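The chain contents come next:
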Amino acid sequence: MTQLRELLAVEAGSFRLDKVDPRGTPGLPDSKAVRKDPKAWAREAVSSIGTELAAYQEKLFASAKSERTDRRVLLLLQAMDCGGKDGTVRSVFAGLNPTGVEAVSFGPPTDEEKQHDFLWRIERALPAVGHVGVFNRSQYEDVLVVRVHGLVPEDVWSQRYEQINAFETAQAEAGLTLVKVMLHISPEEQRQRLLDRLDDPTKFWKYNPGDVDERARWDDYQEAYQAALTRCSTEANPWFVVPADRKWYRNWAVATLLRDAMAAVDPGYPPADFDVEAERQRVRALSQGI
Ligand code: ADP
């Protein structure tokens, strides 16, 4: 494990969400450039990590084409309202090839989804082999909003932690690298972001009056997050909590976690399954025109 993974990973036994400072910046390099202008430094760093991500993505895609891998990578994002999921995706995925990326958002289940087990829609949305996926919300809504609002009885939601663990373990064995990130914001920051949305007509579309009602349940949500993070942080599929009040730190931390996960997967470029020299001769022998 690299240092940032260690700093941000949830230790199932001892983790306390209320001890994580949403304005914190753990693992930030201690350098002159960072001290001088952390925002500018992070912008540069995220852009150069993006180049690395794009290279890993191409190799993953190429090795799947030649059927040499069952690997796929999924970044799963959860957060309180205004937590910055969309902004993180925009920043971290900026340099990737859209052909190999699958982004999925989960809202309240549709009538069809309600006919099935809660993991049905999740399994269908997993990235294909060779692809990188990103989930904006996830199976965890079924132990978060569902728990807080009592949308199903407690004896139903309380079994879901183990069901999620079993599901994620089976997917890991089937080649899925899952990077689970909670973007952790403070109530003050959420309030400010809601006000910012009301001050700017180009952000009205992001404003949801329902978010203000949900805000009244802040403590219940924190409790539900605490349970999900500790009960579903496993060896194969740990949770990471990223302090997210500072957007520049959040983007750098998530990009770094994803880069490190992809570096661990790195399947390399597949070798040619044809005779390169023979093919070169055939192409050289072609006439220049038709
Ligand atoms: P976002 O806030 O992620 O930008 P939306 O405004 O469309 O997107 O919100 C999605 C809504 O869907 C959230 O209020 C969330 O709680 C709800 N939701 C997601 N999954 C479930 C679920 N399994 N059951 C009930 N509600 C859900």
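Please refer to the structure higher up on the page.
Model, not experiment: these values are computed from the prediction. Each chain carries its own residue numbering, running from 1 in the written order of its sequence. Confidence filtering applies because this is a predicted model: local features only for residues at pLDDT of at least 70, side-chain atom pairs given and counted only at 80 or more, and all residues used for totals across whole chains, interfaces and linings. As a rule here, side-chain values come from all non-hydrogen atoms in the structure, and water together with hydrogens is ignored.

Q: Which residues make up the site of the ligand, and what values do they have?
A: Taken together, 13 residues surround the ligand, and among them K85, G107, P108, R121 and R137 come closest. Pairs of N or O atoms are called polar contacts if they sit within 3.5 Å, as long as, within protein, a hydrogen donor faces a hydrogen acceptor (for residues adjacent in sequence, only side-chain-to-side-chain pairs). One of the side-chain nitrogen or oxygen atoms of R137 is found 2.7 Å away from an oxygen atom of the ligand. Each residue gets one of three labels, nonpolar for Ala, Val, Leu, Ile, Met, Phe, Trp, Tyr, Cys and Pro, charged for Asp, Glu, Lys and Arg, and polar for the others, Gly among them. The class makeup of the residues in the shell around the ligand is six nonpolar, two polar and five charged. Consider each residue's heavy atoms; a residue with any of them within 4 Å of a molecule or strand counts as near.

Q: For the pairing of strand 3 (residues 132-136), give the residues involved together with the corresponding values.
A: Accessibility here uses a 1.4 Å probe with only protein chains present; expressed as a share of the type maximum, an area under 20% marks a residue as buried, one over 50% as exposed, and anything in between as partly exposed. By the criteria applied, helices consist of DSSP H or I runs no shorter than four residues and strands consist of E runs no shorter than two, each listed in order from the N terminus. Counting buried residues in strand 3 gives five out of five residues, a clear majority hidden from the surface. Of the two faces of strand 3, the one holding V132, V134 and N136 and the one holding G133 and F135 are both buried throughout. One bridge is not enough; two strands pair if DSSP finds at least two bridges between them. Here five bridges tie strand 1 (residues 72-79) to strand 3, and the two strands are oriented parallel to one another. From the neighbouring strand, L74 faces strand 3, where its bridge partner is G133. Of the pairings in the sheet, the one linking strand 2 (residues 101-105) to strand 3 comprises five bridges and is parallel in character. Paired with S105 across the two strands is N136, which belongs to strand 3.

Q: Give me the lowdown on the packing of helix 3 (residues 38-65) against helix 13 (residues 247-265), citing residues and values where you can.
A: Helix axes use the C-alpha atoms of the stretch in contact, all axes being lines fitted to C-alpha atoms, and the angles between their N-to-C directions lie in the range 0 to 180 degrees. One way to put it is that helix 3 packs onto helix 13 with a least axis distance of 9 Å and a crossing angle of 25 degrees. Of the possible angle classes, the one that applies to helix 3 and helix 13 is roughly parallel. In this structure, the crossing between helix 3 and helix 13 has a hand that is left-handed. Together, P38, K39, W41, A42, A45, V46, I49, E52, L53, Y56, Q57 and L60 of helix 3 and W248, N251, W252, A255, T256, L258, R259, M262, A263 and V265 of helix 13 make up the contact between the two elements. Classifying every residue of the contact of helix 3 with helix 13 gives 16 nonpolar, three polar and three charged. Note that the term roughly parallel is reserved for angles under 35 degrees, roughly antiparallel for angles over 145, roughly perpendicular for angles of 65 to 115, and oblique for everything else. Two helices crossing with the near one rotated counterclockwise from the far one by less than a right angle form a left-handed crossing, whereas a clockwise rotation gives a right-handed crossing. Contact definition: two residues touch when any of their heavy atoms are within 4.5 Å.

Q: Any chance you could break down the packing of aromatic side chains for me, citing the residues and the numbers?
A: Working definition: rings of Phe, Tyr and Trp (its six-membered ring) pair if their centres are within 6.5 Å, and the pair is stacked with planes under 30 degrees apart, edge-to-face with planes over 60 apart, and tilted otherwise. A complete count under the given rule lists five aromatic pairs for this structure. Geometrically, the ring pair formed by W248 and Y249 is edge-to-face, given 6.5 Å between the ring centres and 90 degrees between the ring planes. Neither residue differs from the other here; W248 and Y249 are each classed as buried. Put simply, the rings of W41, W248, Y249 and W252 touch in pairs and so form one group of aromatic residues. Over the aromatic face of F118 sits the side chain of R160, whose NZ or CZ is 4.6 Å from the ring centroid. We call a charge positioned over a ring when the NZ of a Lys or the CZ of an Arg lies within 6 Å of the ring centre and within 35 degrees of the ring normal. Sitting over the ring of W218, R215 keeps its end group 5.7 Å from the ring centre.

Q: An account of the sheet that holds strand 4 (residues 176-184) is requested, with residue identities and associated values reported.
A: The strand order across the open sheet formed by five strands is 2-3-1-4-5, and the pairing between neighbours is parallel. On the outer flanks of this sheet lie strand 2 and strand 5 (239-243), each paired with one strand and no other. With direction set aside, neighbouring strand axes in the sheet form an average angle of 20 degrees.

Q: So what's going on with the pattern of salt bridges? Residues and values would help.
A: Basic side-chain nitrogens of Lys or Arg form a salt bridge, by our definition, when they fall within 4 Å of a carboxyl oxygen of Asp or Glu. Considering all chains together, one arrives at 14 salt bridges under this definition. The residue R193 makes a salt bridge to E189 at a minimum N-O spacing of 2.8 Å. Of this pair, R193 and E189 both sit in helix 10 (residues 187-199), four residues apart, which is roughly one turn of that helix. Accessibility expressed as a relative area gives 6% for R193, which makes it buried. Judged by relative accessible area, E189 falls into the buried class, the value being 17%.

Q: So what about the side chain of T69? Which residues, and what values?
A: Its location among the elements puts T69 in the loop between helix 3 and strand 1. For T69, a relative accessible area of 15% corresponds to the buried category. Setting aside residues no more than four positions away along its own chain, T69 makes contact with L60, S63, A64 and V129.

Q: Go over helix 13, please, and point to the residues and values.
A: Expected helix span is computed as 1.5 Å times (number of residues minus one). Taking 1.5 Å as the rise per residue, helix 13 with 19 residues should run 27 Å; its terminal C-alpha atoms sit 27 Å apart, in good agreement. For helix 13, the tally of buried residues reaches 16 of 19 residues, placing the bulk of the element in the interior.

Q: Outline the packing of helix 4 (residues 85-92) against helix 13, supporting the account with residue identities and numerical values.
A: Two numbers describe how helix 4 lies on helix 13: the axes approach to 10 Å, and their chain directions differ by 60 degrees. Comparing the axis directions of helix 4 and helix 13 gives the class oblique. Crossing of helix 4 against helix 13: the hand is right-handed. Touching G87, T88, S91 and V92 of helix 4 are R250, N251, V254, A255 and L258, all from helix 13.

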